[in-house]
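Chain by chain, the residues run as shown.
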Amino acid sequence: MSVDESPELGPVDYLVLEFPGNRTTGEGWPLLLDLVERRIIRILDLSFVRKDEDGSVRALMLTDLDGDGELDLAVFEGASSGLLGDDDLQEAASVIEPGNSAGVIVYENVWAAPLAAALRRSGARMVANGRISVEDLLATLEATEAGSAS
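Every chain's residues receive numbers from 1 upward, in the order its sequence appears when written. Confidence filtering applies because this is a predicted model: local features only for residues at pLDDT of at least 70, side-chain atom pairs given and counted only at 80 or more, and all residues used for totals across whole chains, interfaces and linings. Side-chain metrics in this entry use all non-hydrogen atoms of the structure; hydrogen atoms and water are not considered.

1. A few points about the sheet that holds strand S1 (residues 12–19)
Across the sheet, which stays open at both edges, the 4 strands sit in the order S1-S4-S2-S3 with antiparallel pairing between neighbours. The sheet is open, and its two borders are formed by S1 and strand S3 (57–60), each paired with just one other strand. Averaged over all pairs of adjacent strands, the angle between their axes in this sheet comes to 25°, without regard to strand direction. Contacts: residue pairs with any heavy atoms within 4.5 Å of one another. For helices, the axis comes from a line fit to the C-alpha atoms of the stretch in contact; other axes are also lines fit to C-alpha atoms, and the angle between any two N-to-C directions lies between 0 and 180 degrees. Counting from the N terminus, the helices are the DSSP runs of H or I reaching at least four residues and the strands are the DSSP runs of E reaching at least two. Sheet strands touched by helix H2 (residues 86–93): S1, strand S2 (42–51), S3 and strand S4 (100–108). Its angle to S2, the strand with the most contacts, is close to 55°. For two strands to be treated as a pair, DSSP must find no fewer than two bridges joining them.

What follows is the structure, given as structure tokens:
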């Protein structure tokens, strides 16, 4: 399939979210659903892993993550594009602490699809990308603010 024939896709990213003590309040799940419903992102894969105290790793099913008796992520059950494999889940588990669990989300930035497709058609290609951590951003802003105050 040539670039001109490829489907209109936005950039695809992933997140590994650690939940200390294997618990989440569930506060973020409605916000994630809102992003999907507004077609800002599309969930391609959503999986959960747990790292036991002995370091062993196992997959978790989508369940009542916050203990309120409701299935928090039922709308995403079966979200599996095949991009996220067992080796990816093992790698995700390697960055979390024993006794914790992690959610691994692979998502398409749907909002950027028309722009990305137009750029690909024009011959542009992404040669680098990255993210600035919130901690680094806040530290830089604080340093800038402190410098301008003196």
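Additional details are given in the paragraphs that follow.
2. Re helix H3 (residues 113–121)
Those residues of H3 that fall on the buried side of the exposure criterion are Ala113, Ala116 and Ala117. Within H3, the buried residues cover an arc of 100° as seen down the axis, which keeps them to one side. Close packing links the buried residues of H3 with S4. With its phi angle positive at about 95°, Gly123 sits one or two positions after the end of H3. Buried, partly exposed and exposed residues are distinguished by accessible area as a fraction of the type maximum, computed with a 1.4 Å probe on protein chains only: under 20%, between the cut-offs, and over 50%, respectively. As used here, the arc is the angular range of directions from the helix axis to the C-beta atoms.

3. Observations regarding the confidence of the model for the chain
pLDDT measures the predictor's confidence residue by residue and takes values from 0 up to 100. For the chain, per-residue confidence averages 82 on the pLDDT scale, and residues scoring 70 or more make up 81% of the total. Within the chain, no element has a lower average pLDDT than S3, which sits at 84, and none a higher one than S1, at 92.

4. Side note on the pairing of S4
In terms of burial, S4 is largely enclosed, as 9 of its 9 residues are buried. In this sheet, S4 lies alongside S1 in antiparallel orientation, the contact comprising 8 bridges. Across the sheet, the residue bridging to Asp13 is Tyr107, located in S4. Relative to S4, S2 runs antiparallel, the two being bridged by 9 bridges. Directly across from Lys51, in S4, lies its bridge partner Asn100.

5. As for the packing of aromatic side chains
Put simply, two rings from Phe, Tyr or Trp (the six-membered ring, in Trp's case) pair if the centres are within 6.5 Å, and we call them stacked under 30 degrees between planes, edge-to-face over 60, tilted for the rest. On inspection of all chains with the given rule, the structure shows 3 aromatic pairs. Between Trp29 and Phe48, the aromatic rings sit 6.1 Å apart at their centres with planes inclined by 80°, giving edge-to-face as the arrangement. With Trp29 in helix H1 (residues 29–37) and Phe48 in strand S2, this residue pair connects regions lying 19 residues apart in the sequence. You'll find Trp29 and Phe48 in the same group, each marked buried. Pairwise contacts between aromatic rings join Phe19, Trp29 and Phe48 into one cluster.

6. What about the side chain of Asn109?
Mapped onto the secondary structure, Asn109 falls in the loop between S4 and H3. Assessed through its relative accessible area of 8%, Asn109 is described here as buried. Filtering out sequence-adjacent residues up to four positions away, Asn109 remains in contact with Gly10, Pro11, Asp13, Ile40 and Ile41.

7. Structural notes on a nonpolar patch on the surface
Taken together, the side chains of Ile132, Val134, Leu137, Leu138 and Leu141 make up a nonpolar region of the molecular surface, amounting to roughly 500 Å² of accessible area. Mapped onto the secondary structure, Val134 falls in helix H4 (residues 134–149). For patch detection, residues must exceed 30% relative accessible area and be free of salt bridges, and they are connected within 9 Å for like charges or within 5 Å for nonpolar side chains (Val, Leu, Ile, Met, Phe, Trp, Tyr). Accessible areas in this description were obtained via Shrake-Rupley with a 1.4 Å probe; residue shielding takes into account the shown protein chains only. What makes a salt bridge here is a side-chain nitrogen of Lys or Arg within 4 Å of a carboxyl oxygen of Asp or Glu, nothing more.

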